[in-house]
Amino acid sequence: MKAARLLLIGAAVAIGATTSTAAWAQDKEKVIAERQDLMKKQVRDWIAIRNYLAGNADQQTAVAAADALTKSVPTVPNYFPPGTAGPAPDGKWGTKPEVWTEHDKFLAAGKKVEEQVAALGAALKTGDKAKAEVAFKELDTCNACHNTFRAKLQ
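What comes next concerns the included structure. A quick note: this is a predicted structure, and the numbers were derived from the prediction, not measured. (Residues numbered from 1 in each chain as written. Predicted model: local features only at pLDDT ≥ 70, side-chain atom pairs only at ≥ 80, totals over all residues. Heavy atoms only, no water.)

Structural notes on the overall build of the protein chain
This is how it is decided: The helix count covers DSSP runs of H or I at least four residues long, the strand count covers runs of E at least two residues long, and both are numbered beginning at the N terminus. Only protein chains enter the calculation, and the probe is 1.4 Å; a residue is then buried if its accessible area is under 20% of its type maximum, exposed if over 50%, and partly exposed in between. Two residues form a contact once any of their heavy atoms are found within 4.5 Å. Computed with a 1.4 Å probe, the accessible areas rest on the Shrake-Rupley method; for each residue, only the protein chains presented here act as cover.
A count of helical and extended segments in the protein chain gives six helices and two strands. From first element to last, N terminus to C terminus, the protein chain shows the α and β order α-α-β-α-α-α-α-β. Within the protein chain, the fraction of its 154 residues that count as buried is 29%. Pairs at least 24 apart in sequence give 73% of the contacts found in the protein chain among residues at least 6 apart. Surface summary for the protein chain: the accessible area is close to 9600 Å², and the carbon and sulfur share equals 59%.

Below, the structure is given as structure tokens:
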């Protein structure tokens, strides 16, 4: 009777471990997919601003894109919880462990981009394209993090 009870407990633990491992893997994949969706949205916003500066879009579109970036850039660290290292869904890029081992540096890079995006947004709102172009060029965009915290896999 005691052996049967131990066997049932062991089976329950094994099933629970398998289930939580599968759930964790799905959660990790979901976080990585959401992270990629955020990055793609941010790229579309950068392109809208670039297009305005190149004379291919209107100021209102650029200001809206800058406002969207002002809101989304500070949320980037939320998309990198511990345990979510891994390749992007396309398999071309991966997250370096430095995101977590040098987390202060990761957060500082993001903070710098936040400040630069705020300056760009303010410049765009003035309608002074020359001022906006300077702010855009000073902005390190994605490179502030990608050069240090992202690895090319292929």
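Observations regarding the packing of aromatic side chains
When we look at a pair of aromatic rings, we describe it by the centre distance and by the angle of the planes. Rules: When the centres of two rings from Phe, Tyr and Trp lie within 6.5 Å, Trp using its six-membered ring, the rings pair. Their planes under 30 degrees apart give stacked, over 60 give edge-to-face, and anything left gives tilted. Geometrically, a charge over a ring is one whose NZ (Lys) or CZ (Arg) sits within 6 Å of the ring centre while staying within 35 degrees of the ring normal.
Going through the model one piece at a time under the given rule, you end up with two aromatic pairs. Centre to centre, the rings of F80 and F106 are 5.2 Å apart; their planes meet at 70°, and the pair counts as edge-to-face. Pair noted here: F80 is in the loop between α2 (59-72) and β1 (93-95) and F106 is in helix α4 (residues 103-126), with a separation of 26 residues, a long-range link. Geometrically, the ring pair formed by F106 and F149 is edge-to-face, given 5.2 Å between the ring centres and 80° between the ring planes. On the criterion of sequence distance, the pair formed by F106 in helix α4 and F149 in helix α6 (residues 143-149) is long-range, its members being 43 residues apart. F149 sits in the buried class, given a relative accessible area of 5%. The ring of Y52 carries the charged tip of K129 above its face, separated from the ring centre by 4.8 Å.

Points about the pattern of salt bridges
What counts here: Salt bridges are defined as contacts in which a side-chain nitrogen from Lys or Arg sits within 4 Å of a carboxyl oxygen from Asp or Glu.
Evaluation of the coordinates by the stated rule reveals five salt bridges. For K105, the salt bridge is made with E102, and the minimal N-O distance between the two is 3.7 Å. Across the pair E114 and K111 runs a salt bridge whose closest N-O atoms are separated by 3.7 Å. One end of the pair is E114 and the other is K111, both in helix α4 and three residues apart, which spans about a single turn. The partly exposed category is assigned to E114, whose relative accessible area is 24%. With relative accessibility at 44%, the residue K111 sits in the partly exposed group.

Structural notes on the nonpolar core
Quick reminder of the rule: Take the buried residues of types Ala, Val, Leu, Ile, Met, Phe, Trp, Tyr and Cys, join any two whose side-chain atoms come within 4.5 Å, and each joined set is a nonpolar core.
Within the largest apolar cluster, 30 residues are counted, with the highest numbers of intra-cluster contacts made by W46, I49, L53, F106, V117, L120 and L124. Of all the elements in the fold, those that place two or more residues in this core are α1 (2-53), α2, α4, α5 (129-138) and α6.

Re the side chain of T84
For clarity, the threshold we go by: Under the rule applied, a polar contact is a pair of N or O atoms within 3.5 Å (in protein, one hydrogen donor and one hydrogen acceptor; residues adjacent in sequence only if both atoms are side-chain atoms).
As for its placement among the helices and strands, T84 is situated in the loop between α2 and β1. Classification of T84 as buried rests on a relative accessible area of 4%. Polar side-chain contacts of T84 include one of 2.6 Å to the backbone oxygen of P81. If near-sequence neighbours (up to four positions away) are discounted, T84 is found in contact with K28, V31, I32, R35, Y79 and W100.

Here's the deal with the side chain of Q116
Position of Q116 among the secondary structure elements: in helix α4. A distance of 3.1 Å separates a polar atom in the side chain of Q116 from the backbone oxygen of E138. Excluding anything up to four places from it in sequence, Q116 contacts E138, L139 and D140.

Quick word on the environment of A119
As for its position among the elements, A119 is in helix α4. As for A119 and K131, which are separated by 12 residues in sequence, their C-alpha atoms are 9.8 Å apart.

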